[in-house]
Amino acid sequence: MFLTVTTTHLPATDLGFLLHKNPARVNTFDVFGGVAHVFYPEATAERCTVALLLEIDPIDLVRRRGRGSRTPAAGGVDHYVNDRPYAATSLLSVALGKAFASARSGRSTDRPELAAQAIPLEATIAALPSEGGKDLVHRLFEPLGYTVDVASELLDSSFPAWGLSRYHRTTLRGTLRLADLLTHLTVLIPALDGEKHYWVGDAEVDKLLQRAGEWLGTHPERELIVRRYLRDQRGLTREALRRLTEEDDIDPEARVNRGDALEAGLERPLNLNQQRLQAVVETIRQAGASTVADLGCGEGHLIELLLADPRFTRILGVDVSVRALERAARKLHLNSLAPRQRERLSLVHGSLTYRDERLTGWDAAVAVEVIEHLDLDRLEAFSASVLGHARPSTVVVTTPNAEYNQLFPTLGPRRTRHPDHRFEWTRSEFHAWAESAASRFGYSVSFRPIGDADDRLGPPTQMAVFQR
Ligand code: SAH
């Protein structure tokens, strides 16, 4: 059983610090069912690869499995000749936890900043079992932002009639934190395999939520992942899904939906949403843009207006939330649009805090009520990706004006309009951020009010227009 993880983040050998394993050494330790080795097949400043090799003793496994189980298991685990020595299974998942415990929890003694940073990573799993075929591997990993390559081999090249193997050589590529990659593998490998080498009990639900609470709640295949991870135990599956979709602290999406309703309720009397969207469309019309990227498009309110105006020949909607994109596709009737209309629009999943080639080449980009949903320490990454890398001629950014909040009768002091807002800025705070970002990336910036302005406190929404 063989897994490699490669980075090209410079200097690549820092991977050793992240994993707390010296690239010059081979580490060998006991794991359930056998022995694990961690070593580095390549370790240069440009490219560094760590390998986890697991030697499983199938006979020992069958003996340990004991008398308890009566149902035949996947991969022939009940037999001395079984697939466990080479397939990526829950045994690999447990060994990953043992080999890279601190890296998986995002801790690094020597490189704490690097552990928190998204870096280019590539993981190759030599034989990933998937009863659902290649398609299931794509469905599980792609929503997490990976580019996925799955190769299926013939079971035996001398006997093509036997068909394809259920084991797939799989490569995942992405730009993400190492801890996130390790957690995704820990959860999704056992979900793909049909078998777990240990008894699944209540504690498994806690472990699953602790590892995957942040991303599983919004994963389009969450039900399948939870069910298979918990080995089809209905009671546990129901409990895990309930906790994933109900608890605010582990399901940011639920909090966002509830917050959307709150914010809309506050702003509705001002008809602010409509005014905001009109002001943005008017601004990009004046700028002469014909191709537009809507960054953080949500359910596609702005896209609806853009589609209605034929001068916008190409429109891109990007959002980090798969559910928001699904809702946008439904609202915009994506599947039943006439082919000419359909060709104008792409909806893609992505985060604005990472450089993304798909964001380059647009006349204008807009981020309507998005920046306040980003952590302050990720704003720098947003500016670098949008103004520094994508570099459209016009960028429009809107955000609440915090000074105005005291005019909302139902909003208490020091509260934000939406519980997911990480900050709300005064006019001078917004101006300071925008001016500094503009000068760093070679743009000029001007500001426009949106909504009826109060003499003293200014408008409810503020807009910055960057141009170059
Ligand atoms: N622009 C839309 C939605 C605003 S709500 C409108 O005006 O209706 C903010 C949106 O930003 C949400 O849909 C959220 O999923 C998205 N978002 C938050 N962080 C993001 C990130 N890092 N990358 C891309 N989208 C993000």
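Keep in mind that what you see is a predicted model, and the values were worked out from it rather than measured.

So, the packing of helix α8 (residues 202-216) against helix α9 (residues 222-229)
Think of two packed helices as two axes; the pair is described by the angle between the axes and how far apart they sit. Look at α8 against α9: their axes get within 12 Å of each other, and the N-to-C directions meet at 160°. By the angle between their axes, α8 is roughly antiparallel relative to α9. Relative to α9, the crossing made by α8 is right-handed. Contacts from E204, L208, R211 and L216 of α8 reach α9 at R222, I225, V226 and Y229. Here the contact of α8 with α9 is built from residues that sort into five nonpolar, no polar and three charged.

Observations regarding the packing of aromatic side chains
Counting across every chain of the model gives nine aromatic pairs. Their ring planes at 15° and their centres at 6.1 Å tell us that F430 and W433 sit as a pair that is stacked. Of the two residues, F430 and W433 are both situated in helix α17 (residues 427-441); the distance of three residues between them amounts to about one turn of the helix. We classify F430 as buried; its relative accessible area is 0%. With a relative accessible area of 14%, W433 lands in the buried category. With 6.4 Å between their ring centres and 90° between their planes, Y443 and F466 make a pair best called edge-to-face. Here Y443, found in the loop between α17 and β13 (444-450), pairs with F466, found in strand β14 (residues 461-467); they are 23 residues apart in sequence, far enough to count as distant. Like F466, Y443 is buried. Linked through ring pairs, F423, W425, F430, W433, Y443, F447 and F466 together constitute an aromatic cluster.

What to know about the site of the ligand
Close contacts around the ligand come from 15 residues, with G296, D319, S351, L352 and V368 the closest. Within the backbone of L352, one N or O atom sits 2.9 Å away from a nitrogen atom of the ligand. Within the contact set of the ligand, a nitrogen atom lies 2.9 Å away from a backbone nitrogen or oxygen of V368. The fraction of the free accessible surface of the ligand (570 Å²) that becomes covered by protein chains is 84%.

Notes on the pattern of salt bridges
Under the criterion given, the structure shown has 18 salt bridges. A salt bridge links R173 to E122, with the nearest nitrogen and oxygen atoms 3.2 Å apart. Of this pair, R173 sits in strand β7 (residues 164-176) while E122 sits in strand β5 (residues 119-129), placing them 51 residues apart in sequence. Taking the relative accessible area as the measure of exposure, R173 reaches 32% and is therefore partly exposed. We classify E122 as partly exposed; its relative accessible area is 21%. Here R139 and D135 are joined by a salt bridge, their closest N and O atoms 2.9 Å apart. Taken as a pair, R139 and D135 lie in helix α6 (residues 133-141) at a separation of four residues, close to a single helical turn.

What to know about helix α16 (residues 379-390)
Residue pairs three or four apart in sequence face the same way in an α-helix, which turns once every 3.6 residues. Burial of α16 is extensive: nine of the twelve residues sit out of reach of the surface. Residues of α16 that are buried: L379, A381, F382, S383, S385, V386, L387, H389 and A390. Buried residues along α16 sit in contact with β8 (291-295), β11 (364-368), β12 (394-400), α17 and β14. In the stretch just after α16, R391 is the one whose phi turns positive, near 50°.

A closer look at the sheet that holds strand β10 (residues 345-349)
Taking strand neighbours across the sheet as the criterion, the seven strands line up as β10-β9-β8-β11-β12-β14-β13 in an open arrangement whose pairing is mixed. The sheet is open, and its two borders are formed by β10 and β13, each paired with just one other strand. Here the strands of the sheet are splayed against their neighbours by 15° on average, with no regard to which way each runs.

What about α17?
For α17, built from 15 residues, the straight-helix expectation of 21 Å at 1.5 Å per residue is met to within 8% by its first-to-last C-alpha distance of 21 Å. Within α17, the full set of buried residues consists of F430, W433, A434, A437, A438 and F441. Here the buried residues of α17 occupy an arc of 125° about the axis, which is enough to place them on one side. Exposed and facing more than 90 degrees away from the buried side of α17 are S428 and S439. The inward-facing, buried residues of α17 abut α16, β12, β13 and β14. With its phi angle positive at about 75°, G442 sits one or two positions after the end of α17.

Brief notes about the confidence of the model for the protein chain
Averaged over the protein chain, the pLDDT score is 85; the fraction of residues at 70 or greater is 86%. Counted against residues more than four places away or in other chains, residues 67-72, with its pLDDT under 50, gives four contacts. Under a pLDDT of 50 for its full length, residues 247-251 has, in the predicted model, twelve contacts with residues more than four places off or in other chains.

Section: the nonpolar core
Counting 64 residues, the largest nonpolar core has F141 and L178 as the members making the most contacts within it. Of the residues forming this core, the biggest block, nine residues, is contributed by helix α7 (residues 178-192). In this structure, A293, L379, F430 and Y443 belong to the second largest nonpolar core, which totals 31 residues.

Observations regarding the side chain of T394
By the secondary structure assignment, T394 is in strand β12. What makes T394 buried here is its relative accessible area of 3%. Those residues within four positions of T394 in sequence are excluded, and the remaining contacts are A287, D363, A364, A365, V465, F466 and Q467.

Scoring rules and cut-offs
Position numbers for residues count from 1 along each chain, tracking the sequence in the order it is written. Only residues with pLDDT of at least 70 are given local features in this predicted model, and only at 80 or more are side-chain atom pairs given and counted; all residues enter the totals for whole chains, interfaces and linings. Side-chain measures were taken over the full set of non-hydrogen atoms in the model, leaving aside hydrogen atoms and water. Structural elements are reduced to axes, namely lines fitted to C-alpha atoms, with helices fitted over the stretch in contact, and the angle between N-to-C directions of any two is expressed from 0 to 180 degrees. Helix numbers and strand numbers start at the N terminus; a helix is a DSSP run of H or I with at least 4 residues, a strand a run of E with at least 2. For classification purposes, angles smaller than 35 degrees are called roughly parallel, those larger than 145 roughly antiparallel, those between 65 and 115 roughly perpendicular, and all remaining angles oblique. Rotating anticlockwise by less than a right angle from the far helix to the near helix defines a left-handed crossing, while the corresponding clockwise rotation defines a right-handed one. Residue contacts are defined here by distance: any two heavy atoms, one from each residue, within 4.5 Å place the two residues in contact. For this classification, the nonpolar set comprises Ala, Val, Leu, Ile, Met, Phe, Trp, Tyr, Cys and Pro, the charged set comprises Asp, Glu, Lys and Arg, and every other residue, Gly included, is treated as polar. Two rings belonging to Phe, Tyr or Trp (six-membered ring only in the last case) form a pair when the distance between their centres is within 6.5 Å. Interplanar angles under 30 degrees mark stacking, angles over 60 mark edge-to-face geometry, and anything in between is tilted. Accessibility here uses a 1.4 Å probe with only protein chains present; expressed as a share of the type maximum, an area under 20% marks a residue as buried, one over 50% as exposed, and anything in between as partly exposed. Residues are labelled near a given molecule or strand when at least one of their non-hydrogen atoms is within 4 Å of it. Side-chain atoms alone can form a polar contact between residues adjacent in sequence; in general such a contact is a pair of N or O atoms within 3.5 Å, and within protein one must be able to donate a hydrogen while the other accepts it. In this description, accessible areas are obtained by the Shrake-Rupley approach with a 1.4 Å probe, and a residue is regarded as covered only by the protein chains that are shown. When a carboxyl oxygen of Asp or Glu is within 4 Å of a side-chain nitrogen of Lys or Arg, the pair counts as a salt bridge. A strand pair is defined by DSSP finding two or more bridges across the two strands. Helix span is expected to be 1.5 Å times the residue number reduced by one. What the arc measures is the spread of directions leading from the helix axis to the C-beta atoms. Scored from 0 to 100, pLDDT records how confident the predictor is in each individual residue. In these notes, a set of buried Ala, Val, Leu, Ile, Met, Phe, Trp, Tyr and Cys residues joined through side-chain atoms within 4.5 Å is what counts as a nonpolar core.

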